[in-house]
Amino acid sequence: MAGWGLYNTLTDSSVQKPDLTTTLAGIRSPNPFWLASAPPTNSAYQICRAFEAGWGGAVWKTIGHDPIVNVSSRYGSIDYDGRKMMGFNNIELITDRTLETNLEEIADVKKKFPDHALVVSLMVESTRAAWHDVVKRTEDTGCDGLELNFGCPHGMSERGMGSAVGQVPEYTQMVTEWVKEIAQTPVLIKLTPNVADIRYIARAAKAGGADGLSLINTINSIMGIDLDSFNPKPHVAGRGSHGGYCGPAVKPIALNMVQQLADDPEVGLPLSGMGGVQAWQDAIEFMLLGAGNVQVCTAVMHYGFRIVEHLISGLENWMASKNYAQTSDFVGLSAGKLGDWADLDLGYKVVAEIDQETCIHCGLCYIACEDGAHQSIDMTRIEDSTISSDDPSLPSFLSGGQTVFAGVGDGYANRFDINQETCVGCNLCSLVCPVSTCITMVEKESAIPSITWRIYQEKLQSGKIERIMPPDHV
Amino acid sequence: MIQKTLLTPDQLAENFADLHAAYPRDEAVTESSRCLFCFDAPCTRACPTHIDVPRFIRQILHDNMAGAAETIFSENIFGGSCARACPTEVLCEGACVDNTLLNEPVQIGRLQRYATDSTPASFTPGPVTGKRIAVVGSGPAGLSCAYTLRRLGHAVTVFEASDIAGGLNTLGIAAYKITTEFSLSEIDAIQAMDIEIRLGEYVDAVRLEELRASYDAVFLGIGLGPTANLEIPGEDLGGVTEALEFIAQTHTGPFEECEVGQNVVVIGAGNTAIDVATEAVRLGAENVLIVYRRTSHEMSAFAYEYELAKADGVKFEWLVRPIKFLGENGVLSGLRLQRLELVGEGRGAMLQVIPDSTFDIACDMAIKSLGQVALEPFLSEAADLQLEGGKVGIDASTGATGVDGLFSGGDCTNKGAEIVDAVQDGKIAAFGIDVYLGGLGSL
């Protein structure tokens, strides 16, 4: 159960709960869970419901000078073999309400919830005057901070806003500077992932005076094509446009970008992480890689504000089990564990091990290794006459006077054994195995001494080491 | 007294509705998503016809219904019947590894029904070979053989003694599992491959010789004869009947015309006995009792059939044997039984009569359900057939009987098995015949 233990140390009510209060770029919130600027933060009604449900903060859906006109339909989903919304996208634009309405409501919400973080996402025409105006009027509401939307990949970018700014370091720096000239509250820059190297944009934001960074915004995407109408998904009267991709499927991309910025000495800014946060574990992963808090959208669009209870409860229990008193105790702990491939130890070796007692004989490890990896699992037959009736891995029952074994057909079950001599320790079998405790990766002595590729190259060049040759079976 | 059911048509329709409702699409897809897509899957191996189960389930999952149906029908032309009547608990679903992981197998039978319902079978006959084969019997063995032979390009004529096609598949399975209409619709699809089924043509030993002379090969799929008699006094009383006749009435006429007693005793505890007992309940019998000489551990009814009967309110009397049907004025009034005890352990245990244990049970209907006997008169007269304990002896890999050009399969070769076993026998024999006629023996 690598990593996903059950944390129930708080069942004893006398145990002190960890303090979830977080401060990010000077913005304080009762917990690290913020709603991202998106449809769930469109109105006071929604944000009040969210704060009542337990969200620590919210970034108001991006406001601008003139209300935009949206299209219908707007969202698309990637379902995965029967589960809905593994990935999600939208072609919705920024707020379609007037600036006045938004500002009034922001002020009301802030009065009603003074202790919650209320940040306002902004996107206006790329002129100094426009930005100065919107910043001033927004800060008059009493909000806790600003988030500049340099990330939206669709629609607004065609009008020179959103990712059109965030894809060019110079623009990013320029607009950030305009805002910082007058802003009284902390300014976060929301970054687009649709760039070759996000660090350059982050450094530009830093140079412009940003107080923190939010990432990632959504990824350019086409969700699919309807095979009968040939229309894209989603479509508007038969036409589509690339939209912003998000949801659980994008988490690994977001984690990588958060880590890149957390580990970049030239950035050094507080990070608000987002992209696919659905469960408490996701949030902790972002924070371990350096995000001071997380923002959530798709999971709320799928299940509603109530999911925050699960995020809070999971985080509290995990922190208690690790004896962390506040979130800053663990933020960034894993960021330094990543780096260049060249610094990985070539002499480290793991191999797979199958627990025969919990194997259910599905054969998924075998065929994955055989066709997709390194042909290191042996499949042999166990004749049913030799199966003991109390073998936990081949349970049986009596029906109609005959004994039926699960996993057995045509008189045999398959047994799978790892050939640890040829196993390269790739993890694949353990990843495809449906049983959580069946296949584990165990350390094994390697024929290669402990050495990184970088050092290996240096030593090779100076003649201090022999070239490492592949083993005979490769 | 035995009379037409007193239940209303609505009640009967409800009682005989599908045992498992057909899946709507979303339910089928969700259930399909549970399938792990095993390699060398135990479910496929456990299926006598070796339907590639993970393949058709994945085709359902990915909305390829034509593909899913083709996967099933290409191995088993009675895929729709088997989806409804197979004892999946001891076959594919019994082998499913989700029994181990989740204590609950993937509902393969119901998914197979979803797939086969979605796309009717349709196959093109193979290139004409000019060979002609006679198939005797239109049950699942005969029609599976006929269908496979047609796909191999041979011309096939089926001879059926009854005036309704399908054998036990049409007449011998509880109507809440397979309806008559469904069974006949499956046969229509087979006939559509230009297979002639001649109804009401009884083949005796003399006719069999004629067929052997005029066709290139003959397949014998004649099944079994009537239910075994008890050979005890009173067997000819009105109200004493047998399982196949009782079940057949639910297929040959409307349920309102079916006859049932108020107090019904079923003798025997096989799967057919369960079909009989549960149908008696569903036709309106007040009390239904199954009597069996051994116990629930030894009975041949499958565990889920036993549960079904109990849920229907059927009662069981174990370790008893009938010794006399009691009657008044030629009509059944009760059954006299004797108690038995098992001496010894396990399957080798012997039954012994308990002295002075005789007792009577009042009943107005007794249904013998002791398994069918072989068609001895036919078999003993027919051409040099090798009989092995009442069964037609065959080579398991070809269906050959040892008589030149005569092949066989199904219940007459195994004393009674499942539809799916008969289908496989018919397939094997068709390939055997193809090789006999100079073909490759494969599709």
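Here the residue index of a chain counts from 1 through its sequence in written order. Key to labels: chains lettered from A, ligands numbered from 1, both in the order written. For this predicted model, a pLDDT threshold of at least 70 governs which residues receive local features, and a threshold of 80 or more governs which side-chain atom pairs are given and counted, while totals over whole chains, interfaces and linings are taken from all residues. Values shown for side chains rest on all heavy atoms present in the structure; no hydrogens or waters enter the calculation.

Colleague: Can you help me understand the overall build of chain A in this one?
Modeller: Only DSSP runs of H or I covering at least 4 residues are called helices, and only runs of E covering at least 2 are called strands; the numbering of each starts at the N terminus. Within chain A, the regular secondary structure consists of 13 helices and 22 strands. In terms of overall dimensions, chain A has a C-alpha envelope of 80 × 70 × 60 Å along the principal axes. Relative to its 474 residues, chain A shows a buried fraction of 51%. Residues count as neighbours in contact if any of their non-hydrogen atoms are within 4.5 Å of one another. Partitioning the contacts of chain A with sequence separation of at least 6, the portion at a separation of at least 24 is 73%. Surface accessibility follows the Shrake-Rupley procedure with a 1.4 Å probe radius. Residue values consider only the protein chains on display as shielding. When the accessible surface of chain A is summed, it comes to about 22,200 Å², and 50% of that surface belongs to carbon and sulfur atoms. In this scheme, a residue with accessible area under 20% of its type's maximum is buried, one over 50% is exposed, and one in between is partly exposed, where area comes from a 1.4 Å probe on protein chains only.

Colleague: Help me understand helix 13 (residues 205-214) of chain B in this model?
Modeller: Because an α-helix completes one turn every 3.6 residues, residues spaced three or four positions apart along the sequence face the same direction. Residue and element names in this part refer to chain B. Here helix 13 has its buried residues at A205, L208 and L211. Buried positions in helix 13, seen along its axis, are confined to an arc of 110° and lie on one side of it. Exposed and facing more than 90 degrees away from the buried side of helix 13 are V206 and A213. Against the buried residues of helix 13 lie strand 2 (132-136), strand 3 (155-159), strand 5 (217-220), helix 17 (376-381) and strand 18 (406-408). By definition, the arc is the one covered by directions from the helix axis to the C-beta atoms.

Colleague: Before we go on, may I ask you to explain the pattern of salt bridges in this structure?
Modeller: Charged atoms that come close allow side chains of opposite charge to pair. Residue and element names in this part refer to chain B. Basic side-chain nitrogens of Lys or Arg form a salt bridge, by our definition, when they fall within 4 Å of a carboxyl oxygen of Asp or Glu. Tallied over the entire structure, the rule returns 43 salt bridges over all chains. Between K4 and E257 there is a salt bridge, and its shortest N-O distance comes to 2.9 Å. Taken together, the positions of K4 in strand 1 (residues 3-4) and E257 in the loop between helix 14 (243-252) and strand 7 (259-260) put the pair 253 residues apart, joining distant regions of the chain. Overall, the relative accessible area of 45% leaves E257 in the partly exposed class. A salt bridge links R336 to D360, with the shortest nitrogen-to-oxygen separation between them at 2.7 Å. Taken as a pair, R336 in strand 12 (residues 331-343) and D360 in strand 14 (residues 359-362) lie far apart in primary sequence, 24 residues in all.

Colleague: Any chance you could explain empty space enclosed by the protein here in plain terms?
Modeller: Remark: the empty space left among the atoms is shown by a probe the size of a water molecule rolled over them. With a 1 Å grid spanning the protein atoms alone, the term cavity applies to any set of points in which a 1.4 Å probe fits but cannot get out, the term pocket to an open set with protein on both sides within 12 Å along at least five of seven lines, and the term lining residue to any residue with an atom within 4 Å of a point. Grid points are joined across faces, edges and corners, and a volume is the space filled by probe spheres set on the points. Counting across every chain of the model gives 5 cavities of 30 Å³ or more. Space inside the largest cavity adds up to approximately 410 Å³. Where the lining of the largest cavity is concerned, the elements lending two or more residues are strand 4 (57-63), strand 6 (83-90), strand 14 (243-246), strand 16 (293-296) and helix 9 (298-303) of chain A. A per-element tally of the lining of the largest cavity places helix 9 of chain A first, with 3 residues. Classifying every residue of the lining of the largest cavity by side-chain character gives 17 nonpolar, 13 polar and 3 charged. As for the second largest cavity, its lining consists of 15 residues, and the residues nearest its centre are B:C47, B:C86, B:T88, B:C92 and B:Q112. Under the scheme applied here, ten amino acids are nonpolar (Ala, Val, Leu, Ile, Met, Phe, Trp, Tyr, Cys and Pro), four are charged (Asp, Glu, Lys and Arg), and all others, including Gly, are polar.

Colleague: Looking at this model, I keep getting lost on the pairing of strand 4 of chain A. Mind explaining?
Modeller: Residues and elements named next belong to chain A. In terms of residue burial, strand 4 counts as a mostly covered element, since 7 of its 7 residues are buried. Note: two strands are recorded as paired if DSSP finds a minimum of 2 bridges between them. As paired strands, strand 3 (residues 33-35) and strand 4 are joined by 2 bridges and run parallel to one another. Bridge pairing in strand 4 links L35 to A58. If you view a crossover with the strands going away from you and the path from the first strand over the helix to the second runs clockwise, you call it right-handed. Read from strand 3 through helix 1 (residues 44-53) to strand 4, the crossover connection turns out right-handed. Two strands pair when backbone bridges link them, and strand 4 and strand 7 (residues 117-122) are joined in this way by 5 bridges, in the parallel orientation.

Colleague: It is not clear to me how the packing of helix 5 (residues 65-75) of chain B against helix 9 (residues 108-118) of chain B should be interpreted in this structure. Could you clarify?
Modeller: A pair of packed helices can be characterised by two numbers: the angle between their axes and the separation between those axes. Residue and element names in this part refer to chain B. Interaxial angle, 0 to 180 degrees, is taken between N-to-C directions of lines fitted to C-alpha atoms, where a helix line uses only the stretch in contact. Closest axis-to-axis distance for the helix 5/helix 9 pair is 8 Å, and the angle between their directions is 110°. Judged on the interaxial angle alone, helix 9 and helix 5 are roughly perpendicular. Contacts from M65, A68, A69, I72 and F73 of helix 5 reach helix 9 at Q112, Y114, A115, T116 and S118. For the contact of helix 5 with helix 9, a count of residues per class yields 7 nonpolar, 3 polar and no charged. Throughout this description, any angle smaller than 35 degrees is read as roughly parallel, any larger than 145 degrees as roughly antiparallel, any in the 65 to 115 degree range as roughly perpendicular, and the remainder as oblique.

Colleague: Honestly, the sheet that holds strand 3 of chain B in this entry has me stumped. Any pointers?
Modeller: The strands making up a sheet are joined through hydrogen bonds of the backbone, oriented either antiparallel or parallel. All names here are of chain B. The strand order 4-3-2-5-18 describes an open sheet built from 5 strands, whose pairing is parallel. At either margin of the open sheet sits one strand with a lone partner, and together these are strand 4 (196-198) and strand 18. Ignoring strand direction, the axes of neighbouring strands in this sheet form an average angle of 20°.

Colleague: Sorry if this is basic, but what is going on with the interface of chain B and chain A here?
Modeller: Accessible area lost when the parts come together is the quantity often used to give the size of an interface. Counting residues at the interface gives 30 residues for chain B and 31 residues for chain A. With both sides pooled, the region where chain B packs onto chain A buries about 2,200 Å², and carbon together with sulfur makes up 59% of that total. The buried area of a pairing is the accessible area, by a 1.4 Å probe, that goes missing from both parts when the two are put together, added over both. When residues of chain B are sorted by the area they lose upon contact with chain A, B:F39, B:R45 and B:T100 head the list and together hold 30% of the total. Across the contact surface, chain B and chain A share 1 salt bridge. One salt bridge in this structure joins B:R58 and A:D81, with 4.0 Å as the shortest N-O distance. For the side of chain B that touches chain A, the elements supplying multiple residues, two or more each, are helix 3 (42-46), helix 4 (53-61), helix 7 (92-95) and helix 8 (98-102) of chain B. In the side of chain B that touches chain A, the residues fall into 17 nonpolar, 8 polar and 5 charged.

Colleague: I'm lost on the domain arrangement of chain B in this one. Help?
Modeller: All names here are of chain B. All domain edges in this entry derive from an automatic or database-based domain assignment. The domains assigned to chain B are domain 1 (25-118), domain 2 (132-225 + 372-436) and domain 3 (240-368). The distance between the C-alpha centroids of domain 2 and domain 3 comes to 31 Å. Contacts between the two partners involve 15 residues from domain 2, matched on the other side by 14 residues from domain 3. Note on domain 2 versus domain 3: buried area summed over both sides is about 1,100 Å², and carbon and sulfur give 56% of it. When the buried area of domain 2 at its contact with domain 3 is split by residue, L171, A175 and Y176 rank highest and sum to 46% of it. Here domain 2 and domain 3 share 2 salt bridges between them. In protein, a polar contact requires one atom able to donate a hydrogen and another able to accept it; more generally it is a pair of N or O atoms within 3.5 Å, and residues adjacent in sequence count only if both atoms are side-chain atoms. In this assembly, domain 2 and domain 3 are joined by 8 residue pairs in polar contact (both at pLDDT 80 or more). When residues in the side of domain 2 that touches domain 3 are grouped by element, the largest group, 3 residues, is from helix 11 (residues 168-171). A class-by-class count of the residues in the side of domain 2 that touches domain 3 yields 7 nonpolar, 6 polar and 2 charged.

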